[in-house]
Amino acid sequence: MTVAGGPLGWSWRLPVATRFGRGSRADLAAAAEASPWLVVGSAAGRERVLADPVLGPLLARRTVVWAEPVAPTPDVEHLEALSRPHLGRGYGVVVGIGGGSVMDAAKVIAARLAAGPGVALRDLLDDPHAIPAAARPRVIVLPTTAGSGSEVTPFATVWDRRHGVKRSLTGEAVWPSAALVDPDLSDALPHEPTLESGLDALNQALESVWNRHASPLTVALATRAATLAWRALPNVLEAQPAAAARAAMAEAALLAGMAISQTRTALCHALSYPLTLAFGVAHGVACAFTMAAVARHVVPVDDGRLARLARDLLGADARAADLPDALDAYVDRLGVRGRVRAAIGSRDSLLARTR
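The rules behind the values
- Residues numbered from 1 in each chain as written.
- Predicted model: local features only at pLDDT ≥ 70, side-chain atom pairs only at ≥ 80, totals over all residues.
- Heavy atoms only, no water.
- Helix = DSSP H or I, 4+ residues; strand = E, 2+ residues; numbered from the N terminus.
- Rg over C-alpha atoms; globule rule 2.2 N^0.38 Å.
- Contact = heavy atoms within 4.5 Å.
- Lys, Arg positive; Asp, Glu negative; His and termini not counted.
- Charge placed at Lys NZ, Arg CZ, Asp CG, Glu CD.
- Patch = residues over 30% accessible without salt bridge, like charges linked within 9 Å, V, L, I, M, F, W, Y side chains within 5 Å.
- Areas by Shrake-Rupley, 256 points an atom, 1.4 Å probe, with all protein chains shown as cover.
- Salt bridge = Lys/Arg side-chain N within 4 Å of Asp/Glu carboxyl O.
- Buried < 20%, exposed > 50% of the residue type's maximum accessible area, 1.4 Å probe, protein only.
- Phe/Tyr/Trp six-rings, centres within 6.5 Å; stacked < 30°, edge-to-face > 60°.
- pLDDT = per-residue confidence, 0-100.
- Core = buried A, V, L, I, M, F, W, Y, C linked by side-chain atoms within 4.5 Å.
- Axes fitted to C-alpha atoms, helices over the stretch in contact; angles between N-to-C directions.
- Parallel < 35°, antiparallel > 145°, perpendicular 65-115°, else oblique.
- Left-handed = near helix turned anticlockwise from the far one by under 90°.
- Nonpolar A, V, L, I, M, F, W, Y, C, P; charged D, E, K, R; others polar.
- Expected span 1.5 Å × (residues − 1).
- Polar contact = N/O pair within 3.5 Å; in protein donor to acceptor, adjacent residues only side chain to side chain.

**Examining the overall build of the protein chain**
- Counting its regular elements, the protein chain contains 16 helices and 10 strands.
- In summary, the protein chain has a C-alpha radius of gyration of 20 Å against a globular reference of 20 Å for 355 residues, a match within 12%.
- Judged by the C-alpha coordinates and their principal axes, the protein chain covers about 60 × 50 × 45 Å.
- Here the contacts in the protein chain between residues at least 6 apart in sequence split such that 78% fall between residues at least 24 apart.
- For the protein chain, the separation between the mean place of its 36 positive charges and that of its 33 negative charges on side chains is 2 Å.

Here's what the structure looks like:
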């Protein structure tokens, strides 16, 4: 990024061994050599994983214990309860196979195992430096949705419903050790989680492009991620030939995750959390709901990155000023506003429950 005085400094750190491509889940055996494994999954995750022609036989040959089920938006008490039975059992590897919530849970559980029985998860949220990184098991994550990018970030969302807030476990000890991003695992994802996770990936890419912490590298990654998601998500949802589009969405989510690992998310995410906590609006839908409004806010101060993004998304003659209306049309095409209105009910209801 540049300012009147010249280039701004920037840094990059991404200590996650990453493999992308169909069939890459077969690398789990080499990536996670230590035993026993603690496998973290959702309610239906174990059945799907054990039925997988690659992962099923691989897990059958290992000493495996399951930590399940991970709730769709896991909160502090839920993750504490999932972790406690496994403290002190000597796991060499924690494997998270699932969507963003599962991968976040795997990172949280590994941190809890490292901290030991005398430190509660709430303590770690208050002071993540209390996680002894050297004692943490290796964390290997395999996303089954194309959305959160958690496979390559140093943070994990933890919902705190007791206090009505969203929290995050963040720090060096939260990075996964390795990520295996195999589009095969998301090919059969149903419509709603495809929509919700895909919108999350698109939103994270856009937020990273217009982020005040952006760098030339994050802008390049995020622009590529946004372009992939912009084109692929409607094709996946509207029953077009889906194999290539599914792979594009998986790559988009991965690249957006790489970008936000450096920039973090921004205003759309901050505005989304009350919608999820108070009304149960799916995270990706809640984030997408405000994309056009935020774009209208940032377009007047564009330094060139939004103009480049507009050309990539909309065509060679597009301008940054075209982005807000295009985003409005895009989210309407995918039914975002209708879903949010149905959940909220009215403006008065929104204001009453989120003040």
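**Details of a nonpolar patch on the surface**
- A cluster of nonpolar side chains, Trp 10, Trp 12 and Leu 217, forms an exposed patch at the surface whose accessible area comes to about 290 Å².
- Looking at the secondary structure, you find Trp 12 in the loop between strand 2 (6–7) and strand 3 (17–20).
- Classification of Trp 12 by relative accessible area gives partly exposed; the value is 34%.

**Considerations on the packing of aromatic side chains**
- Applying the stated criterion to the full structure yields 2 aromatic pairs.
- Plain terms: the ring middles of Trp 159 and Tyr 273 are 5.9 Å apart, the flat faces sit at 75° to each other, and that makes the pair edge-to-face. Remark: Tyr 273 occurs in helix 10 (residues 267–279) and Trp 159 occurs in strand 8 (residues 155–160); sequence separation between them is 114 residues.
- Summarising the aromatic geometry, the rings of Trp 230 and Tyr 330 are spaced 4.2 Å apart at their centres and angled 15° between planes, so their arrangement reads as stacked. Residue Trp 230 is located in helix 8 (residues 216–237), and its partner Tyr 330 is located in helix 14 (residues 323–333); the two are separated by 100 residues in the primary sequence.

**So, the confidence of the model for the protein chain**
- Taken residue by residue, the protein chain gives an average pLDDT of 92. The fraction at 70 or more is 97%.
- Counting contacts from residues 1–6, a segment whose pLDDT is below 50, to residues more than four positions away or on other chains yields 10 contacts.

**Describing the nonpolar core**
- Ranked by size, the top nonpolar core spans 98 residues in total, and within it Val 40 and Leu 306 carry the most contacts.
- Among residues more than four places away in sequence, those in contact with Val 40 are Ala 67, Val 70, Val 94, Val 95, Gly 96, Ile 97, Val 102, Ala 105, Ala 106 and Ile 109.
- Judged by nonpolar contacts, the second largest core, of 18 residues, contains Leu 59, Val 93, Ile 97 and Ile 140.

**Here's the deal with the packing of helix 8 against helix 14**
- With their axes 11 Å apart at the nearest point, helix 8 and helix 14 run at an angle of 25° to one another. With respect to helix 14, the axis of helix 8 lies roughly parallel. Both helix 8 and helix 14 take part in a crossing whose hand is left-handed. When helix 8 is examined against helix 14, the residues Ala 229, Trp 230, Leu 233 and Pro 234 are found in contact with a partner set consisting of Ala 326, Leu 327, Tyr 330 and Arg 333.
- For the contact of helix 8 with helix 14, the residue count by class is 7 nonpolar, no polar and 1 charged.

**Focus: the side chain of Thr 223**
- On the secondary structure map, Thr 223 appears in helix 8.
- The buried category is assigned to Thr 223, whose relative accessible area is 11%.
- Beyond its immediate stretch of four places on either side in the chain, Thr 223 contacts Val 209, Leu 309 and Asp 312.

**Description of the pattern of salt bridges**
- Tallied over the entire structure, the rule returns 23 salt bridges.
- Across the pair Arg 162 and Glu 77 runs a salt bridge, and its minimum N-O distance is 2.6 Å. With Arg 162 in the loop between strand 8 and strand 9 (165–170) and Glu 77 in helix 4 (residues 76–83), this residue pair connects regions lying 85 residues apart in the sequence.
- Accessibility expressed as a relative area gives 56% for Arg 162, which makes it exposed.
- A salt bridge links Glu 80 to Arg 112, with the shortest nitrogen-to-oxygen separation between them at 2.8 Å. Note that Glu 80 is positioned in helix 4 and Arg 112 in helix 5 (residues 100–115), a separation of 32 residues in sequence.
- In this structure, a network of salt bridges that share partners links the residues Arg 22, Arg 25, Asp 52, Asp 182, Asp 184 and Asp 187.

**A closer look at helix 5**
- Over its 16 residues, helix 5 extends 23 Å from the first C-alpha to the last, a length consistent with the 22 Å expected when each residue adds 1.5 Å.
- In terms of burial, helix 5 is a largely internal element, 15 of the 16 residues being buried.
- Note on helix 5: the residue one or two positions beyond its end, Gly 116, has a positive phi of about 90°.

**A short note on the side chain of Gln 204**
- In this structure, Gln 204 sits in helix 7 (residues 191–209).
- The buried category is assigned to Gln 204, whose relative accessible area is 4%.
- Looking at Gln 204, its side chain comes within polar contact range of the main-chain oxygen of Ser 148, at 3.0 Å.
- Once you skip the residues sitting within four places of it in the chain, Gln 204 turns out to touch Gly 147, Ser 148, Gly 149, Ala 256, Ile 260, Thr 265 and His 269.

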